[in-house]
Amino acid sequence: MELDFNKQDGLIPAIIQDALTDKVLMLGYMNQESLEKTEKEGVVTFFSRSKQRLWTKGETSDNFLHVVEILKDCDDDTLLIKVNPAGPTCHTGADTCFNESNQGKAAWLNHLKRVIRDRKNNPSEKSYTASLFQKGTNKIAQKVGEEAVELVIEAMDNNDTLFKEEASDLLFHYLVLLEQRGIDFDEIIDVLRARHK
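Rules used throughout
- Residues numbered from 1 in each chain as written.
- Predicted model: local features only at pLDDT ≥ 70, side-chain atom pairs only at ≥ 80, totals over all residues.
- Heavy atoms only, no water.
- Helix = DSSP H or I, 4+ residues; strand = E, 2+ residues; numbered from the N terminus.
- Rg over C-alpha atoms; globule rule 2.2 N^0.38 Å.
- Buried < 20%, exposed > 50% of the residue type's maximum accessible area, 1.4 Å probe, protein only.
- Contact = heavy atoms within 4.5 Å.
- Areas by Shrake-Rupley, 256 points an atom, 1.4 Å probe, with all protein chains shown as cover.
- Salt bridge = Lys/Arg side-chain N within 4 Å of Asp/Glu carboxyl O.
- Domains from an automatic or database assignment.
- UniProt positions renumbered as here; feature names shortened; annotations may be inferred.
- Pairing = 2+ DSSP bridges.
- Axes fitted to C-alpha atoms, helices over the stretch in contact; angles between N-to-C directions.
- Parallel < 35°, antiparallel > 145°, perpendicular 65-115°, else oblique.
- Left-handed = near helix turned anticlockwise from the far one by under 90°.
- Nonpolar A, V, L, I, M, F, W, Y, C, P; charged D, E, K, R; others polar.
- Core = buried A, V, L, I, M, F, W, Y, C linked by side-chain atoms within 4.5 Å.
- Expected span 1.5 Å × (residues − 1).
- Arc of directions from axis to C-beta.

Visitor: How should the overall build of the chain be read in this particular structure?
Guide: Secondary structure summary: the chain contains 6 helices and 6 strands in total. Ordered by position from the N terminus, the helices and strands of the chain form the series β-β-α-β-β-β-β-α-α-α-α-α. Computed over its C-alpha atoms, the radius of gyration of the chain comes to 22 Å, more than 25% above the 16 Å expected for a compact globule of 197 residues. By principal-axis analysis of the C-alpha atoms, the chain measures approximately 60 × 40 × 40 Å. By residue count, 34% of the 197 residues in the chain fall in the buried class. In the chain, the share of contacts with a sequence separation of at least 24, taken over all contacts with a separation of at least 6, comes to 48%. Total accessible area computed for the chain in this model is approximately 12400 Å², and 50% of it derives from carbon and sulfur atoms.

What follows is the structure, given as C-alpha cells:
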C-alpha cells in the first residue's frame, strides 16, 4: 500500500471503525513501521506520539482491535481501518473514544444487500438467491408470504431458536423481494423515519 508519510512528519491518521456496526471507534496515528506491524499481525498498532514508540491497542487491556480491512483515502495520507474490537475501545472503558455506544449490528444488512444485488447481477447455478430471481416477482412474493406465516406459527411457541431462524428467513426473502422490485432498503427506512416525525 503506497502512502504519503511525509506530509505530517512521518505520521498519518488512522480512523478506526467497527466492521460490523460502522461506528467510528477512535483515531490514532501510524508510521510506516506501525502499519507494517498491523498488516503482519492483524491487530492495530499505532505510533504513540506521547510515548514516542509503537503501541498495540490492547497491549495492557487485552481489548485488541482485530483488523478486517485497511483502506486508504484518495490523497494517500489517511487510513480507514475496519476492525472487530475485542472489548471497549476507549481507555475510559467507553465503547468508543467519542463516548458513544457501539451496540447493534443492523449495519451488517448493507453487506447482505450488496450480496443479494450481486447474486441478481451475476447469477450462478449454485446460488439459492440467484434461483429466486430467476423465478420472478410472483414466486419471490409468495416465498415472503410463506416465511411470514412460518414466523407467525413460531411466535406462538416458546422456541426462541426456531423463531429467530424464521425471522431471519423472512428478513432475507423480504430483502430479495425489495431488490427484485428495484427498491432499496434505505427507501423503506426513509418511510419509517418520515412516519416517526
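Visitor: It is not clear to me how the pattern of salt bridges should be interpreted in this structure. Could you clarify?
Guide: As a working rule, side chains carrying opposite charge can pair if their charged atoms are close by. Per the counting criterion, the structure on display carries 12 salt bridges. Residues joined by salt bridges that share partners form a network here, namely Lys113, Arg117, Glu179, Asp184 and Asp186.

Visitor: Explain the domain arrangement of the chain here, please?
Guide: It is common to give the size of an interface as the accessible area that goes away when the parts come together. Partitioning the chain into structural domains gives domain 1 (5–85) and domain 2 (105–196). On a C-alpha basis, the centres of domain 1 and domain 2 stand 35 Å from each other.

Visitor: Help me understand the UniProt feature "domain: Phosphoribosyl-AMP cyclohydrolase" (unreviewed entry) in the chain in this model?
Guide: Within this structure's numbering, the places UniProt gives as "domain: Phosphoribosyl-AMP cyclohydrolase" (unreviewed entry) are residues 26–99. The span residues 26–99 is 14% helical and 38% strand by assignment, and the distance between its end C-alpha atoms comes to 10 Å.

Visitor: Sorry, what's going on with the sheet that holds strand β2 (residues 24–30) here?
Guide: The strands that make up a sheet pair up through hydrogen bonds in the backbone, lying either parallel or antiparallel. With respect to topology, 4 strands assemble into an open sheet ordered β2-β1-β6-β5, the strand pairing being mixed. Two strands close off the open sheet at either side, each with one partner strand: β2 and β5 (65–72). Sheet twist, expressed as the mean angle between neighbouring strand axes with direction ignored, is 25°. Pairing between strand β1 (residues 12–18) and strand β6 (residues 79–85): 5 bridges, direction parallel. Directly across from aspartate 18, in β6, lies its bridge partner valine 83. Along the sheet face, helix α1 (residues 32–41) touches β2, β5 and β6 and points at about 120° away from the line of β5.

Visitor: What exactly am I supposed to notice about the packing of helix α2 (residues 108–121) against helix α5 (residues 160–181) here?
Guide: When two helices pack together, their arrangement is given by the angle between the helix axes and by the axis-to-axis distance. α5 packs onto α2 with a crossing angle of 55° between their chain directions and a minimal axis gap of 10 Å. Classified by the interaxial angle, the pair formed by α2 and α5 is oblique. The handedness of the crossing between α2 and α5 comes out as right-handed. For the pair α2 and α5, the contacting residues are Leu109, Leu112, Lys113, Ile116, Arg117 and Lys120 in the first and Leu171, Phe172, Leu175, Val176, Glu179 and Gln180 in the second. A class-by-class count of the residues in the contact of α2 with α5 yields 7 nonpolar, 1 polar and 4 charged.

Visitor: Got a minute to help me understand the nonpolar core in this structure?
Guide: Proteins that are soluble and globular tend to have nonpolar side chains buried together. Ile16, Met30, Val44, Leu79 and Ile81 are the most contacted members of the largest nonpolar core, which totals 16 residues. For isoleucine 81, the contacting residues outside a window of four places in its chain are Ala14, Ile15, Ile16, Gln17, Met30, Val44, Val67, Glu69 and Ile70. Among the nonpolar cores identified, the runner-up in size contains 15 residues, and Leu109, Leu112, Ile140 and Leu170 belong to it.

Visitor: I tried to follow the pairing of strand β3 (residues 45–48) on my own but got confused; where do I start?
Guide: Successive side chains on a regular strand alternate, one facing one side of the sheet and the next facing the other. Of the two faces of β3, the one holding Thr45 and Phe47 and the one holding Phe46 and Ser48 are both buried throughout. Here 4 bridges tie β3 to strand β4 (residues 53–56), and the two strands are oriented antiparallel to one another. By the bridge assignment for β4, serine 48 is matched with arginine 53. Counting the residues in the hairpin turn of β3 and β4 gives 4 residues, including glutamine 52, whose phi is positive at 55°.

Visitor: Just checking my understanding: could you explain α2 for this structure?
Guide: For an α-helix the count is 3.6 residues per turn, leaving residues at separations of three or four pointing the same way. Given a rise of 1.5 Å per residue, 14 residues ought to cover 20 Å, and the 20 Å separating the end C-alpha atoms of α2 matches this to within 8%. Looking at α2, one finds that the buried residues are Leu109, Leu112, Lys113 and Ile116. Buried residues of α2, viewed axially, fall in a sector of 105°; they line one side. In this structure, α2 carries Arg114 and Asn121 as exposed residues pointing more than 90 degrees from its buried face. In this structure, the buried residues of α2 make contact with α3 (128–135), α5 and α6 (185–196).

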